[in-house]
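Geometric and topological summary
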Amino acid sequence: MKKALFVTVLLLVSQQCFCWGFFGHRKINYLAVFLLPPEMIGFYKTHIDFLTEHSVDPDKRRYAIPEEGPRHYIDIDHYGEYPYKNLPHNYDSAVAKFSSDTVNAYGIVPWWVQTMLARLTNAFKEKNQVKILKLSAEIGHYLADAHVPLHASHNHNGQFTNQNGIHGFWESRVPELLAEKEFDFWIGKAEHIKNPGQFIWARVLESAAAADTVLRFEKELTQTTAADQKYSFENRNGVTIRTYSTSFTTGYNNKLNGMVERRMRQSIFAVASFWYTAWVNAGQPDLKKLSNKEFTAEELKEFEELNTNWRNGKIVGREHE
Ligand SMILES: [Zn+2]
């Protein structure tokens with residue numbers, strides 16, 4: 001009985017680990033605001049709570065619509081060997097070569113980021129505040145996901161190598177334990193990105209190249225760690241959960257030589273730079289003179305539904321933490 005209960009709790013916990021974890025996504029969007037130029041920072045600071053809170057909407061939407069899942073990852077190793085020359089970087093060419101079903105099944109994050117950039121640019125052109133805020137919050141999510149190595153690997157949760165849980169370990173446990181105390185988030189300024197497609201593919205290829213290290217180092221560390229030292233038990237909201245121990249987590253972070261921090265910093269830079277790029281490409285509208293400032297009752301209801309689905313629900317479509 002005890003064991004059954006324990007397994008249930010573990011399942012519940014693992015279901016709630018997502019891309020960068022909620023902690024990571026919130027932090028990335030929040031910190032990105034401070035990289036913006038003077039013409040933008042006032043507006044973004046005013047709405048920093050919205051941008052932070054809604055950084056995780058895309059993960060919540062995975063409980064509502066099946067098309068959402070593939071926007072968060074690309075199992076690029078499906079397409080052969082690094083640097084995956086076989087896979088066209090142009091979406092239409094990739095679909096022509098591999099079919100729309102295949103391309104969508106194995107994930108579309110590098111293309112989806114570019115779709116979101118086009119939408120955000122249009123929102124700036126329309127001077128539509130509600131759209132600017134929603135799209136800014138959400139593009140931040142997809143950009144950050146593209147920086148996570150295991151979002152560019154079919155073995156995304158170590159499920160093929162007996163390393164279940166590594167996804168949340170890398171992107172949630174490590175930053176939750178160490179980001180506040182040890183990571184340096186002094187990053188500098190947002191930059192205008194001349195070729196966003198090239199930029200995002202470069203980040204995705206870095207992620208893909210690092211996935212092997214992420215998996216191998218965890219395996220090596222497990223082999224040199226006493227079985228009862230790898231995990232520990234923590235109380236969260238009155239529930240005892242099993243998690244990677246502090247010593248195993250810091251050991252892993254040291255072995256990775258700052259990779260999690262580096263990818264988090266690069267995510268923050270990318271988010272701020274895509275916001276800035278959209279604004280510049282839209283002709284630098286005055287953010288003090290925006291229209292459509294209030295969310296409609298329908299939009300507010302949508303936010304509420306996202307929360308309800310997420311709290312009660314199960315991921316629709318393919319799960320890819
Ligand atoms: Zn995600």
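Residues numbered from 1 in each chain as written. Predicted model: local features only at pLDDT ≥ 70, side-chain atom pairs only at ≥ 80, totals over all residues. Heavy atoms only, no water.

Let's talk about the overall build of the chain
Where we set the bar: Counting from the N terminus, the helices are DSSP H or I runs at least four residues long and the strands are E runs at least two residues long. Computation of the radius of gyration draws on C-alpha atoms, with the globule rule given as 2.2 Å multiplied by the number of residues to the power 0.38. Residue exposure (1.4 Å probe, protein chains only): buried if accessible area is under 20% of the type maximum, exposed if over 50%, otherwise partly exposed. Here a residue-residue contact requires only that any non-hydrogen atoms of the pair lie within 4.5 Å. Computed with a 1.4 Å probe, the accessible areas rest on the Shrake-Rupley method; for each residue, only the protein chains presented here act as cover. Charge assignment in this entry is limited to Lys and Arg as positive and Asp and Glu as negative, and neither His nor the chain termini are counted. Think of each charge as sitting on NZ of Lys, CZ of Arg, CG of Asp or CD of Glu.
For the chain, the count of helices and strands is 14 helices and 2 strands. Here the chain has a C-alpha radius of gyration of 20 Å; the compact-globule value for 321 residues is 20 Å, and the two agree. Overall, the chain is about 60 × 45 × 35 Å in size when its C-alpha atoms are taken along their principal axes. By the burial criterion, 52% of the 321 residues in the chain qualify as buried. Contacts in the chain between residues at least 24 apart in sequence constitute 78% of all its contacts with a sequence separation of at least 6. Counting every atom, the chain has about 15,200 Å² of accessible surface; 52% of that belongs to carbon and sulfur. Of the charged side chains in the chain, 37 are positive and 37 negative, and the gap between their average positions amounts to 2 Å.

Some words on the pattern of salt bridges
Which entries qualify depends on this criterion: Should a side-chain nitrogen of Lys or Arg be within 4 Å of a carboxyl oxygen of Asp or Glu, the pair is scored as a salt bridge.
One pass over the structure, following the stated rule, counts 17 salt bridges. Ionic pairing is found between Lys27 and Glu180, a salt bridge with its closest N-O pair at 3.4 Å. Placement of the pair is Lys27 in helix H2 (residues 21-32) and Glu180 in helix H10 (residues 166-182), with a sequence separation of 153 residues. Note on Glu180: relative accessible area 55%, which makes it exposed.

Concerning the nonpolar core
Threshold: Residues grouped as a nonpolar core are buried Ala, Val, Leu, Ile, Met, Phe, Trp, Tyr and Cys residues, joined through side-chain atoms within 4.5 Å.
By size, the foremost hydrophobic cluster in this structure holds 85 residues, and its most contacted members are Met40, Tyr44, Ile76, Phe124, Trp170, Tyr252 and Trp275. With 13 residues, the top contributor of residues to this core is helix H13 (residues 259-281). Excluding residues that lie within four positions of it along the chain, Phe124 makes contacts with Met40, Tyr44, Ile132, Trp275, Ala278, Trp279, Ala282, Pro285 and Leu287.

So, the pairing of strand S2 (residues 239-244)
Under the convention used in this document: Two strands make a pair as long as DSSP finds a minimum of two bridges between them.
Relative to S2, strand S1 (residues 231-236) runs antiparallel, the two being bridged by 6 bridges. For Asn235, the partnering residue across the bridge sits in S2 and is Thr240. Hairpin remark: S1 followed by S2, antiparallel, with 2 residues in the connecting loop; positive phi at Asn237, about 50°.

Observations regarding the packing of aromatic side chains
Short version of the rule: Here a pair means two rings of Phe, Tyr or Trp (six-membered ring of Trp) with centres within 6.5 Å. Their orientation is stacked below 30 degrees between planes, edge-to-face above 60, and tilted elsewhere. The criterion is that NZ of a Lys, or CZ of an Arg, lies within 6 Å of the ring centre and within 35 degrees of the ring normal, and then a charge sits over that ring.
As enumerated under the stated definition, the model contains 21 aromatic pairs in all. On the basis of an interplanar angle of 20° and a centroid distance of 4.7 Å, the ring pair of Phe169 and Tyr252 is categorised as stacked. One end of the pair, Phe169, is in helix H10; the other, Tyr252, is in helix H12 (residues 246-255), and 83 residues separate them in sequence. For Phe169, a relative accessible area of 0% puts it in the buried group. It is Arg203 that lies over the ring of Phe199; its NZ or CZ is 4.6 Å from the centre. Lying over the aromatic face of Phe217, Lys255 brings its terminal NZ or CZ to 5.0 Å of the ring centre.

Considering the packing of helix H3 (residues 38-46) against H13
The criterion, for reference: Angular values range over 0 to 180 degrees, each being the angle between N-to-C directions of two axes fitted as lines to C-alpha atoms, with helices fitted over their stretch in contact. Should the near helix be turned anticlockwise from the far one by less than a right angle, the crossing is termed left-handed; should it be turned clockwise, right-handed. Basically, the charged four are Asp, Glu, Lys and Arg, the nonpolar ten are Ala, Val, Leu, Ile, Met, Phe, Trp, Tyr, Cys and Pro, and anything else, Gly included, counts as polar.
Running from N to C, H3 and H13 point in directions that differ by 115°, and their axes come no closer than 11 Å. Viewed along their axes, H3 and H13 form a crossing whose handedness is right-handed. In contact with Glu39, Met40 and Tyr44 of H3, H13 contributes Trp275, Tyr276 and Trp279. Looking at the contact of H3 with H13, its residues break down into 5 nonpolar, no polar and 1 charged.

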